[in-house]
Amino acid sequence: MTEPLPSLTEAILGASEAAVVVADAKGRIVEFSRGAALLFGYPRAEALGRPAGFLMPKDQADAHARALERIDLPGASRTDRPLERKIGRRADGTVFPIELSLTRIALGQGSGWVTVMREEHEEDARTAERGASLLASQRLELLGELASGVAHDLNNLLTPILASVDLLDGSALETEARIDLRAIAGAAVQGRHLLRQLLYFSRGHDTRTEATAVDQITREALAILERTRPPGMKLKLETVGDLPRAKVDPVQLEQVLLNLTSNAIYATRDQGDCVTVTLDTVTLHGATRDMLGLASEASPGGQLHSFVRLRVQDQGPGVAEEDRERIFEPFFTTKGDGEGTGLGLSVSRGIAQRHGGMLRLEPSARGACFALYLPVADTDGARRPAEPKSTAASNLRRVMAVDDDAVVLRALSRLLGRLGLEVESFTEPALALAYLTAHPGAIDAVLTDHQMPSISGMELAEVVRRLHPGLPILLVSGLGERALDSTGRVDAVLPKPFRQQELADALHRAVRAHGLSAAAQTSV
């Protein structure tokens with residue numbers, strides 16, 4: 001047996017209420033405090049010389065011994081170890097949670113370990129869980145802050161890239177140049193897509209549902225992807241019957257569409273020539289709805305519920321059986337290194353569930369088929385005509401553009417010029433306000449960036465609204481449309497980066513919203 005410690009140390013440990021166990025380099029107990037004897041129910045004399053692992057169940061003891069061996073490797077830390085949670089075993093065979101810390105010490109001619117232990121009570125465990133939850137929440141909050149900053153800067157970089165793609169006349173270019181232009185557009189769109197996913201995952205956004213024409217949003221999303229698809233691949237849209245509007249946030253619906261269709265294009269790129277998006281309406285009995293996991297706001301199980309169903313079918317290899325249970329997990333991806341983040345399906349399912357719908361993998365004879373279910377907004381199921389595409393709001397002639405980034409401002413101004421508008425552009429908000437004051441009635445609408453060093457776009461909008469209440473205001477933001485509380489201060493928000501048609505549509509929304517607001521104020 002290893003020689004016991006000096007008598008003074010023995011006396012101290014013999015009187016100590018703390019559970020202290022000292023073991024030599026081979027893990028044999030050389031000292032056992034009074035507190036350890038009380039905690040485990042073994043007299044000191046019975047514990048001395050035994051392997052320390054006998055104080056734990058066998059699986060815990062083996063794992064603990066392997067951990068000590070790894071710590072004892074050359075170059076491993078020999079300082080105090082952090083607190084660990086283990087399972088202890090008393091003399092009567094009962095097991096209980098313990099919390100312990102290990103410290104490496106010199107022991108005779110060699111070394112050993114001092115272990116200080118205490119029983120972990122239920123309240124301790126709850127406190128630890130709350131601490132871990134708080135830490136995870138803080139990390140997620142930090143991730144959100146970092147993502148916001150990165151998104152703003154990268155969206156500013158992507159804005160002139162996408163604008164330049166739209167400004168170049170692809171039809172006048174040679175075949176190789178058109179292929180290069182398509183590649184540039186594809187990379188920029190995918191970058192935008194990834195940034196929006198990161199913002200949604202790390203920060204989340206308020207869901208603002210409205211009666212939305214799903215077929216219109218789908219056509220717009222497919223148009224975005226049209227320039228990014230591989231040469232020879234087709235994107236096909238099929239609509240079955242009269243399609244009612246769905247109760248959904250249109251911005252988040254586009255996010256899901258881009259996620260699903262991008263995945264389908266990736267899966268099909270080597271094995272097929274077509275990705276098919278199908279829209280129809282399904283009516284489900286309450287029991288079927290519950291089986292599919294489709295939430296309902298109200299209804300007893302026997303009632304019928306209508307959903308707009310959107311299916312994205314690819315011609316790829318399908319989803320392997322072992323991956324089916326994990327494909328909706330955050331950060332899980334079957335793509336190669338650098339080709340995917342594993343956020344797309346997780347974010348998309350979260351969006352669907354927030355709307356009282358569901359995203360699921362459905363049986364398919366070939367490839368993979370993902371189906372999105374969204375609650376119907378209109379109880380009568382009647383189809384409302386989609387708003388026509390706008391080039392720019394017809395009553396606009398001259399607009400003001402404000403952005404502190406000269407490269408972004410130039411791209412924005414050129415796109416506005418392409419829409420047939422005259423543009424007064426400013427990198428300094430103060431100069432823009434001075435121009436409005438000096439030239440009353442000369443400007444029909446104001447477009448302003450959100451994050452600027454002197455004053456923010458929202459602050460600029462408040463001044464414009466107060467001094468020039470007749471001007472529609474469009475806020476252009478690198479933080480995404482839902483990351484801002486813009487209610488009542490601007491008429492519309494356009495997230496960066498954007499395409500020419502998206503800019504035209506946003507201007508149309510701003511003019512229309514401003515007109516409705518003015519009409520409402522007049523009627524009061």
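The numbers attached to residues start from 1 for each chain and follow its sequence in the written order. In keeping with the model being predicted, local features are shown solely for residues with a pLDDT of at least 70 and side-chain atom pairs are shown and tallied solely at 80 or more, while totals for entire chains, interfaces and linings include all residues. Values reported for side chains reflect all heavy atoms of the structure, with hydrogen atoms and water molecules removed beforehand.

1. Observations concerning unusual backbone geometry
The line we're drawing: In this text, helices come from DSSP runs of H or I with a minimum length of four residues, and strands from runs of E with a minimum of two, each type numbered from the N-terminal end.
With an omega dihedral of -15°, the bond running from Lys 496 to Pro 497 counts as a cis peptide bond. Position of Pro 497 relative to the elements: it lies in the loop between β17 (492-495) and α14 (500-523).

2. Looking at the sheet that holds strand β13 (residues 398-402)
Selection criterion: Two strands qualify as a pair provided that DSSP identifies no fewer than 2 bridges between them. Here an axis means a line fitted to C-alpha atoms, over the contact stretch when the element is a helix, while the angle between two N-to-C directions is reported on a 0 to 180 degree scale. Contact definition: two residues touch when any of their heavy atoms are within 4.5 Å.
Taken in spatial order, the five strands line up as β14-β13-β15-β16-β17 in an open sheet, and their pairing is parallel. Looking at the sheet topology across the chains shown, the edges are occupied by β14 (422-426) and β17. The mean angle between the axes of side-by-side strands here comes to 20°, regardless of whether they run parallel or antiparallel. Strand contacts of helix α12 (residues 429-438): β13, β14 and β15 (445-449), with the helix running at about 155° to β13, the strand carrying the most contacts. Relative to the sheet, helix α13 (residues 457-467) contacts β13, β15 and β16 (473-477), its axis offset from that of β16 by approximately 175°.

3. A short note on the nonpolar core
Side chains that are nonpolar tend, in soluble globular proteins, to be buried together. The cut-off we apply is this: Grouping buried Ala, Val, Leu, Ile, Met, Phe, Trp, Tyr and Cys residues that are joined through side-chain atoms within 4.5 Å yields what is termed a nonpolar core. Only protein chains enter the accessibility calculation, which uses a 1.4 Å probe; a residue is then buried when its area is under 20% of its type maximum, exposed when over 50%, and partly exposed in between.
The biggest cluster of nonpolar side chains holds 45 residues, and the ones touching the most others in it are Leu 253, Leu 310, Ile 327, Leu 359, Phe 370 and Leu 372. With residues up to four places along the chain from it excluded, the contact list for Leu 310 reads Val 214, Thr 218, Leu 257, Val 277, Thr 278, Leu 279, Phe 370, Ala 371 and Leu 372. Counting residues in hydrophobic clusters, the runner-up holds 25 residues, among them Leu 167, Leu 447, Leu 474 and Leu 503.

4. Observations regarding the pattern of salt bridges
For the record, the criterion: The term salt bridge refers to a pairing of a side-chain nitrogen on Lys or Arg with a carboxyl oxygen on Asp or Glu at a separation within 4 Å.
In total, this model carries 17 salt bridges according to the counting rule given. For Asp 215, the salt bridge is made with Arg 219, and the minimal N-O distance between the two is 3.5 Å. Here the residue Asp 215 and the residue Arg 219 both occupy positions in helix α7 (residues 214-226), the gap between them amounting to four residues, near one helical turn. For Arg 219, a relative accessible area of 46% translates into the label partly exposed. Between Asp 280 and Arg 309 there is a salt bridge whose closest N-O contact spans 2.8 Å. Taken together, the residues Asp 280 in strand β9 (residues 274-285) and Arg 309 in strand β10 (residues 304-313) connect sequence positions 29 residues apart. There is no split in this pair, since Asp 280 and Arg 309 are both buried. Members of the salt-bridge network, linked through shared partners, are Asp 280, Arg 309 and Arg 311.

5. A short note on the pairing of strand β5 (residues 110-119)
Sheet topology note: the strand β1 (residues 19-24)/β5 ladder contains six bridges and is antiparallel. Within β5, the residue paired with Val 22 across the bridge is Val 114. Of the strand pairs in this sheet, strand β4 (residues 95-107) and β5 are connected by 10 bridges, and their pairing is antiparallel. Its bridge partner lying in β5, Thr 103 is registered against Val 114. Between β4 and β5, which pair antiparallel in sequence order, lie two residues; one of them, Gly 108, sits at a positive phi of approximately 60°.

6. Let's talk about the packing of α12 against α13
Spelled out, the test is: Each angle gets one of four labels, with under 35 degrees taken as roughly parallel, over 145 as roughly antiparallel, 65 to 115 as roughly perpendicular, and the rest as oblique.
Remark: α12 packs on α13, axes separated minimally by 11 Å, with the N-to-C direction vectors making an angle of 10°. Relative to α13, α12 is oriented roughly parallel. Of the residues in α13, those touching α12 at Pro 429, Leu 433 and Leu 436 are Leu 460, Val 463 and Val 464.

7. A look at the pairing of β17
Neither face of β17 is left uncovered, since the one carrying Ala 492 and Leu 494 and the one carrying Val 493 and Pro 495 both have all their residues buried. Here β16 runs beside β17; their pairing, made up of four bridges, is parallel. Following the sheet pairing, Leu 475 is matched in β17 by Val 493.

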